[in-house]
Amino acid sequence: MTPILKWIVLLLLIIIGLPFILIWGVKFPRQQSQVPIIQVWNADTGKLMTMTLEEYVCGVVAAEMPVYFHDEALKAQAVVARTYAYQRIVNDVRIAEHPEAHLSTDYRSGQAWVSTEALKERWGLIDFLINYRKIKTAVSQTEGIIATYDGKPILAVYHSTSGGRTENSEHYWSEALPYLRSVADPYGNHSPYQYTTAVFSINDFLKLMEITSLGEVQVVERYPSGRVKTLEAGGKWFSGRDVRQRLGLRSTWFTVAVDQGQVHFSVWGYGHGVGMPQYGADGMARAGYDYRQILQYYYQGILLEKIY
């Protein structure tokens, strides 16, 4: 074989073999029998999927957090995604419309999830190979680790951006959980959703709020975090959560003003505000904190335990 031919063969081996090295360089646990097998309802295809919990977590991290986030933030996301799924399994919580599944790919019923095929289409092959390796590394390096409180997996809720402070669980939902306490969050200022605005015509506002007249539009009461507890409009009182859902606001932390025939909202943060803010996790990671410190800051009093 001539030297030139040898170089051609070597080049071909590199081109063909590199993708496999990139993808499979990070291994899932060899003893797969220890990893829970879960069933997930695919809301896009209308089919039930069976996979390992670690495979599921990879798809959640890819769907829920920007891949350019810091590695420690991706690890934190992997742990909360795994914990959220595991607590549904051990508590036998199921999808109402599809009781054969504990989880769905529809983010409105839990967590978003994306397949590798969809990621290849989204990113292209080369970026997929690079990005998915980064995700698999974050999942592999936290393999089997979940967050617990009092010996039980926590309700590991999270959101995009706190706006400066997270919220107590009972101020958005009904139950006060000791690990879902409001904490200052100065780490997510780089989020594009830290501060946003929304403007409605008076007619649109009346229609969406289902009121016949504007009346006095004002915040009546706030929670200590700053988020709105009660808003008055048209002589009626609405919860901040109700206002957010009716108007499609990014969070319940807002101010409101009526000016020149329009209703103006200034909004801080994106999401319910409870648990880990993803941009806050990224900011903490960039400030030098590791994933364990990030999780133990946003979820008060938890332990991180390796269950397999």
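Details of the structure are given in the entry above.
This text gives an overview of the structure that appears in the document. (Residues numbered from 1 in each chain as written. Predicted model: local features only at pLDDT ≥ 70, side-chain atom pairs only at ≥ 80, totals over all residues. Heavy atoms only, no water.)

**As for the packing of aromatic side chains**
So, step 1. Summed over the entire model, instances satisfying the criterion amount to 14 aromatic pairs.
So, step 2. Taking 5.4 Å as the distance between ring centres and 75° as the angle between the ring planes, the aromatic pair formed by Y68 and F69 counts as edge-to-face.
So, step 3. Relative to Y297, the ring of Y187 lies with its centre 6.2 Å away and its plane at 90°, an arrangement referred to as edge-to-face. In this pair, Y187 is assigned in the loop between β6 (158–159) and β7 (195–201) and Y297 in helix α9 (residues 291–298), connecting sequence segments 110 residues apart.
So, step 4. On the basis of relative accessibility, which here comes to 22%, the residue Y187 falls in the partly exposed class.
So, step 5. With relative accessibility at 26%, the residue Y297 sits in the partly exposed group.
So, step 6. Through successive ring pairs, a cluster of aromatic residues spans Y68, F69, Y193, Y270 and Y279.
So, step 7. The residue whose ring lies beneath R250 is Y270, and the NZ or CZ to ring-centre distance is 5.3 Å. (Phe/Tyr/Trp six-rings, centres within 6.5 Å; stacked < 30°, edge-to-face > 60°. Helix = DSSP H or I, 4+ residues; strand = E, 2+ residues; numbered from the N terminus. Buried < 20%, exposed > 50% of the residue type's maximum accessible area, 1.4 Å probe, protein only. Lys NZ or Arg CZ within 6 Å of the ring centre and 35° of its normal.)

**Section: the sheet that holds strand β14 (residues 303–306)**
So, step 1. The sheet built from three strands is open, its strands ordered β5-β4-β14 with antiparallel pairing. A single partner strand is all that each edge strand has here, and the edge strands are β5 (152–153) and β14.
So, step 2. Where strand β4 (residues 145–149) and β5 come together, two bridges link them in antiparallel fashion. Residue pairing for β5: Y149 is matched across the bridge by K152. (Pairing = 2+ DSSP bridges.)

This is a description of form; function is not addressed.
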